[in-house]
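Architecture and fold: a report
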Amino acid sequence: MPFPLLRRRIDGGLLSQLLDDPELATTLRTLPAPALRQVILRVGLEDAGELIELASLEQLREVFDEDLWRSAQPGQDEAFDAARFAIWLEVMLEGGESLVADRLALLSEEFLAFAVSQLVWVLDLALLTRWASDPNEAELLDQIVDAQLCQELDDYLLVSRHDRGWDALLAALLAMDQRYPQQLSGLLGRCAAVTHEEVHSAEMLST
């Protein structure tokens with residue numbers, strides 16, 4: 001298997017030559033996902049933009065499965081690492097907004113809605129007026145929106161859950177809005193349903 005050769009070339013400081021080396025580029029695309037992830041970890045995710053640009057969509061799907069679910073300690077259940085997903089978005093954006101939009105649009109809507117919902121709440125603008133008129137729901141909405149980064153996008157209000165990742169996620173979603181507006185609408189609708197369920201679950205727990 002040619003993986004050791006690829007590893008030596010990267011370790012030797014020649015990552016910048018990867019795009020000009022057809023042999024190494026072909027080797028990269030034939031790597032199984034665990035091996036590709038090890039290459040990315042060796043380089044460092046923040047510095048692996050060129051590798052990620054060359055990787056196939058199927059490789060990225062499998063690497064996401066390997067890389068984005070982690071356990072805090074051995075023996076504990078794995079949990080989705082939202083901060084890590086934000087770094088992935090930042091790195092993919094180095095290849096351009098069109099590239100990240102194309103990659104995200106080909107991922108499953110179920111996975112993408114789950115991942116996006118870890119970084120932002122998505123509120124349906126059509127429901128905000130009705131929710132705001134209900135004292136119980138208005139208080140919960142104030143807790144979500146108060147002092148948070150937010151942005152209207154299409155028929156929704158996006159509100160950040162975390163400081164990190166906001167700029168990258170917003171740039172990625174805006175790029176999807178330009179290239180895949182129907183897919184983005186479906187994605188935001190699913191995210192809004194998640195947020196709506198959270199709001200009402202919090203309301204039930206507070207009563």
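Residues numbered from 1 in each chain as written. Predicted model: local features only at pLDDT ≥ 70, side-chain atom pairs only at ≥ 80, totals over all residues. Heavy atoms only, no water.

Within the largest apolar cluster, 60 residues are counted, with the highest numbers of intra-cluster contacts made by Ile40, Ile52, Trp88, Leu89, Leu104 and Met176. Those residues in contact with Trp88 that sit more than four places away from it in its chain are Ile40, Leu45, Ile52, Leu60, Val63, Phe64, Asp67 and Leu68. (Core = buried A, V, L, I, M, F, W, Y, C linked by side-chain atoms within 4.5 Å. Buried < 20%, exposed > 50% of the residue type's maximum accessible area, 1.4 Å probe, protein only. Contact = heavy atoms within 4.5 Å.)

Moving on: the pairing of strand S4 (residues 150-153). Examined bridge by bridge, S4 and strand S5 (residues 156-160) share 4 bridges and lie antiparallel to one another. In the sheet register, Glu152 faces S5, and the bridge partner there is Leu157. Hairpin connection between S4 and S5: a loop of 2 residues separates the two successive antiparallel strands, and Asp154 in this loop has a positive phi of roughly 55°. (Pairing = 2+ DSSP bridges. Helix = DSSP H or I, 4+ residues; strand = E, 2+ residues; numbered from the N terminus.)

A few words now on the sheet that holds S5. The sheet built from 3 strands is open, its strands ordered S3-S5-S4 with antiparallel pairing. Looking at the sheet topology across the chains shown, the edges are occupied by strand S3 (120-124) and S4. Adjacent strand axes in the sheet meet at a mean angle of 25°, parallel and antiparallel pairs treated alike. Taken together, the 5 bridges between S3 and S5 define a ladder with antiparallel strand orientation. Following the sheet pairing, Asp124 is matched in S5 by Tyr156. Running over the sheet, helix H8 (residues 109-119) touches S3 and S5 and is turned about 105° from S3. Docked against the sheet, helix H11 (residues 166-179) engages S3, S4 and S5, running at close to 5° with respect to S4. (Axes fitted to C-alpha atoms, helices over the stretch in contact; angles between N-to-C directions.)

Another point: the pattern of salt bridges. For the coordinates displayed, the defined rule picks out 8 salt bridges. With a closest N to O distance of 2.7 Å, Asp67 and Arg84 form a salt bridge. Linking Asp67 in helix H5 (residues 57-67) with Arg84 in helix H6 (residues 82-93), this pair joins segments that are 17 residues apart in sequence. Its relative accessible area of 1% is what places Asp67 among the buried residues. Residue Arg84 is classed as buried on the basis of its relative accessible area of 13%. When the shortest N-O distance is used, the salt bridge between Glu109 and Arg190 registers 3.4 Å. Pair noted here: Glu109 is in helix H8 and Arg190 is in helix H12 (residues 181-206), with a separation of 81 residues, a long-range link. Arg190 sits in the partly exposed class, given a relative accessible area of 38%. When salt bridges that share partners are traced, they join Arg37, Asp67, Arg70 and Arg84 into one network. (Salt bridge = Lys/Arg side-chain N within 4 Å of Asp/Glu carboxyl O.)

Quick look at the confidence of the model for the protein now. When pLDDT is averaged along the protein, the result is 82; 81% of the residues meet or exceed 70. Overall, residues 1-9 carries pLDDT values under 50, and its contacts beyond four positions in sequence, including any with other chains, amount to 19 contacts. (pLDDT = per-residue confidence, 0-100.)

The end-to-end C-alpha distance of H6 is 17 Å, a good match for the 16 Å that 12 residues give at a rise of 1.5 Å each. Across the 12 residues that make up H6, a large majority, 10, are buried. For H6, every residue scored as buried is listed here: Ala82, Arg84, Phe85, Ala86, Ile87, Trp88, Leu89, Val91, Met92 and Leu93. The N-terminus of H6 is capped by Asp81, whose side-chain oxygen sits 3.3 Å from the backbone nitrogen of Ala83. (Expected span 1.5 Å × (residues − 1). Polar contact = N/O pair within 3.5 Å; in protein donor to acceptor, adjacent residues only side chain to side chain.)

Scanning the entire structure with this criterion turns up 8 aromatic pairs. Ring plane angle 45° and centroid distance 6.1 Å describe the contact between Trp69 and Phe111, whose orientation is recorded as tilted. Taken together, the residues Trp69 in strand S1 (residues 69-70) and Phe111 in helix H8 connect sequence positions 42 residues apart. Taken together, a centroid distance of 6.2 Å and an interplanar angle of 10° make the contact between Trp69 and Phe114 stacked. Of this pair, Trp69 sits in strand S1 while Phe114 sits in helix H8, placing them 45 residues apart in sequence. Within the aromatic cluster, the residues linked to one another by ring pairs are Phe64, Trp69, Phe80, Phe85, Trp88, Phe111 and Phe114. (Phe/Tyr/Trp six-rings, centres within 6.5 Å; stacked < 30°, edge-to-face > 60°.)

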